[in-house]
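Observations on the three-dimensional arrangement
Residue-level listing of the chains:
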Amino acid sequence: AARALIEELAGLECVAPGRTGSPLEIDVDRALFWFGPDDVPFLAGLVGEPLVPFAADADGPLLIAPSGVVIALDGEWTSYTRYANAPDALEQRLFRRNGRHAITKIAAARRPPEYR
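Residues numbered from 1 in each chain as written. Predicted model: local features only at pLDDT ≥ 70, side-chain atom pairs only at ≥ 80, totals over all residues. Heavy atoms only, no water.

Attention now goes to the overall build of the protein chain. The helix and strand tally for the protein chain stands at 4 helices and 7 strands. Element order for the protein chain, N to C, with α for helix and β for strand: α-β-β-α-α-β-β-β-β-α-β. The buried share of the protein chain, taken over its 116 residues, is 44%. At a minimum sequence separation of 6, the contacts of the protein chain that also span at least 24 residues come to 50%. (Helix = DSSP H or I, 4+ residues; strand = E, 2+ residues; numbered from the N terminus. Buried < 20%, exposed > 50% of the residue type's maximum accessible area, 1.4 Å probe, protein only. Contact = heavy atoms within 4.5 Å.)

Below, the discussion takes up the confidence of the model for the protein chain. With 81% of its residues at a pLDDT of at least 70, the protein chain reaches an overall mean of 83. Least confident of the elements in the protein chain is strand β1 (residues 13-14), whose mean pLDDT is 68; most confident is strand β6 (residues 79-83), at 93. (pLDDT = per-residue confidence, 0-100.)

Quick look at the environment of I64 now. Tracing the chain through its elements places I64 in strand β4 (residues 60-64). Residue I64 is classed as buried on the basis of its relative accessible area, which comes to 3%. Expressed as a C-alpha distance, the spacing of I64 and F54, which sit 10 residues apart in the sequence, is 7.0 Å.

Before going further, it helps to spend a moment on helix α3 (residues 40-47). Taken as a whole, α3 has its buried residues at L43, L46 and V47. The buried residues of α3 occupy one face: seen down the axis, they fall within an arc of 60°. Elements in contact with the buried residues of α3: β4, β5 (70-73) and β6. Of the residues flanking the end of α3, it is G48, one or two places downstream, whose phi is positive at about 85°. (Arc of directions from axis to C-beta.)

Turning to the pattern of salt bridges, a few remarks are in order. Counted according to the given criterion, the structure contains 1 salt bridge. A salt bridge links E25 to R30; the shortest N-O distance between them is 2.9 Å. (Salt bridge = Lys/Arg side-chain N within 4 Å of Asp/Glu carboxyl O.)

A separate point is the packing of aromatic side chains. This structure, assessed with the given rule, holds 3 aromatic pairs. Note on F33 and W34: the rings are 6.3 Å apart at their centroids and 80° apart in plane angle, and the pair reads as edge-to-face. With relative accessibility at 68%, the residue F33 sits in the exposed group. Considering the side-chain rings of F35 and W77, the 6.2 Å spacing of their centres and the 85° angle between planes classify their relative orientation as edge-to-face. Here F35, found in the loop between α2 (28-32) and α3, pairs with W77, found in the loop between β5 and β6; they are 42 residues apart in sequence, far enough to count as distant. Pair check on accessibility: F35 and W77 agree, each one buried. (Phe/Tyr/Trp six-rings, centres within 6.5 Å; stacked < 30°, edge-to-face > 60°.)

Let us now look at unusual backbone geometry. Despite not being glycine, W77 shows a phi value in the positive range, around 65°. The exposure class of W77 is buried, given its relative accessible area of 1%.

The following block contains the structure:
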């Protein structure tokens, strides 16, 4: 899921009408900016499967799992929002629609040490 998404959309900058500020970018390098080397082992523990950073906006990175599930991680590792797939995640992030997506708090023990 991650490879196909990145190959098709890499470099895309998304800005919703009427929004100001940093665009949502489909850019692995920008998504990786949010992580240090010590953070990586904690990613798989969030949802029980590997996560690949593929996009980011001012609020934090978006990561995709092999199943296609997308996680929007808060930049401070305090919570994440789980989306069924990439189109759903991109729509919700761009248009700030508060829909059926619950925010999951991340326990301190599941965060990298610098975020505890």
